[in-house]
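Close look at the chain arrangement
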Amino acid sequence: MVEDAIKEEKLIVDQLQHPAKEILSPGEKLSDKVALFGGSWKFIIISAIILALWIFSNNAVIKRTAFDPYPFILLNLVLSCMAALQAPIIMMSQNRKENTDRKRAENDYLINLKSEIEIRNLHQKIDMLMEEQLQSLMEVQSVEIKLLQELHEKFDKQNHVL
């Protein structure tokens, strides 16, 4: 990709800015939504409210006919099931995002590689220009030296004549 971009003198960024859209399955979309919601303050607050209501209702409101009395075995079962289902879904989302990050890192590497190659090319061009400039300065200096020698000879001849 880098070699092609250098040959065509195009920017790699142009090719990377508009990559093909990632096609997500319904399961991947759902895992992203669950991970987004499960890792938010909204989820934490809603969960805390539900837990507080569950405990309060089973202890204070319907104490005699509580459907889940004090050690809250049913609540523990619900929370365990929720965690058991939520954890793999979040891991699926994280794995997919890791793949996306890996692709982004590869793209960054390609851009850095092309930049390094272009900088080396610029260094070579500058070195070549400096050599040409030095060569032309040497030529001008040799012409000036010849002219100075001719002037010196003429001046010496004029001084001998006088």
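Residues numbered from 1 in each chain as written. Predicted model: local features only at pLDDT ≥ 70, side-chain atom pairs only at ≥ 80, totals over all residues. Heavy atoms only, no water.

**Focus: the packing of aromatic side chains**
Throughout the structure, instances matching the rule amount to 3 aromatic pairs. With a centroid separation of 5.2 Å and an interplanar angle of 75 degrees, the aromatic rings of Trp-54 and Phe-67 are classed as edge-to-face. One end of the pair, Trp-54, is in helix α4 (residues 41-61); the other, Phe-67, is in the loop between α4 and α5 (73-161), and 13 residues separate them in sequence. Given the relative accessible area of 18%, Trp-54 is considered buried. (Phe/Tyr/Trp six-rings, centres within 6.5 Å; stacked < 30°, edge-to-face > 60°. Helix = DSSP H or I, 4+ residues; strand = E, 2+ residues; numbered from the N terminus. Buried < 20%, exposed > 50% of the residue type's maximum accessible area, 1.4 Å probe, protein only.)

**Side note on a nonpolar patch on the surface**
There is a patch of nonpolar side chains on the surface, built from Trp-41, Ile-44, Ile-45, Ile-49 and Leu-53 and spanning about 570 Å² of accessible area. A relative accessible area of 47% places Ile-49 in the partly exposed class. (Patch = residues over 30% accessible without salt bridge, like charges linked within 9 Å, V, L, I, M, F, W, Y side chains within 5 Å. Areas by Shrake-Rupley, 256 points an atom, 1.4 Å probe, with all protein chains shown as cover. Salt bridge = Lys/Arg side-chain N within 4 Å of Asp/Glu carboxyl O.)

**With respect to unusual backbone geometry**
With a phi close to 55 degrees, Phe-72 is a non-glycine residue in the positive phi region. One can find Phe-72 in the loop between α4 and α5. Looking at Phe-72, the relative accessible area reads 10%, which means it is buried.

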